[in-house]
Amino acid sequence: MVWQTYAKVKANKGGAGIDDMDWAYLEKHQYNLIYKLWNRLTSDSYFPQLVKQASSNSISYGFAIDLDIKGFFDNIDHELMMKAVKHYCPDKWVLMYVERWLKAGVLRKDGTIAQTLKGTPQGSLCDTMHKEG
């Protein structure tokens, strides 16, 4: 799943995260970095970083299509989300990481950090996998 997600983000020309790692660096060190990520995921020691607040897509195009009905992704109740995920996937490790991603926080454009008490941090790896699934 780690390699598949990496390939999807690369194909979509995803931007750097909070660590500002560019594609050139990642390509050069991909095996070590992806192995390290996989190792942390499988040992339950991975904690996601904050997610950047991203508006770059709206700058690249002269139009926007908004299907986010009444701020759906901004208002998802974490407890209800976890119940739904548990219903479809009882794997404890999946539940653990979904909850960690939901609560990872957001780095705002002004440099302040916001906790995510509700909603999903859009633009994260979790969001990328969510849109594909």
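Just above, that's the structure.
Note that the coordinates shown come from a computational prediction; the quantities given were computed from them, not determined experimentally.

Colleague: Give me the lowdown on the environment of Thr120, citing residues and values where you can.
Modeller: Tracing the backbone shows Thr120 in the loop between strand S3 (113-114) and helix H7 (125-132). Each C-alpha atom, one on Thr120 and one on Trp101, is 8.1 Å from the other, the two residues being 19 residues apart in sequence.

Colleague: Tell me about helix H1 (residues 2-11), and please be specific about residues and values.
Modeller: Buried residues of H1: Val2, Thr5 and Tyr6, and no others. Buried residues of H1, viewed axially, fall in a sector of 105 degrees; they line one side. Projecting away from the buried face of H1 at angles above 90 degrees are the exposed residues Gln4 and Ala11. Lys13 sits one or two positions beyond H1 and adopts a positive phi of about 55 degrees.

Colleague: So what's going on with the side chain of Arg100? Residues and values would help.
Modeller: The residue Arg100 is located in helix H6 (residues 92-102) in this model. With no salt bridge to any partner, buried Arg100 finds its closest opposite charge in Asp44, at an N-O distance of 6.3 Å. From its side chain, Arg100 meets the backbone oxygen of Asp44 in a polar contact 3.4 Å long. Excluding its chain neighbours within four sequence positions, the residues that come into contact with Arg100 are Asp44, Ser45, Tyr46, Phe47 and Pro48.

Reading guide: rules and limits
- Residues numbered from 1 in each chain as written.
- Predicted model: local features only at pLDDT ≥ 70, side-chain atom pairs only at ≥ 80, totals over all residues.
- Heavy atoms only, no water.
- Helix = DSSP H or I, 4+ residues; strand = E, 2+ residues; numbered from the N terminus.
- Buried < 20%, exposed > 50% of the residue type's maximum accessible area, 1.4 Å probe, protein only.
- Arc of directions from axis to C-beta.
- Lys, Arg positive; Asp, Glu negative; His and termini not counted.
- Salt bridge = Lys/Arg side-chain N within 4 Å of Asp/Glu carboxyl O.
- Polar contact = N/O pair within 3.5 Å; in protein donor to acceptor, adjacent residues only side chain to side chain.
- Contact = heavy atoms within 4.5 Å.

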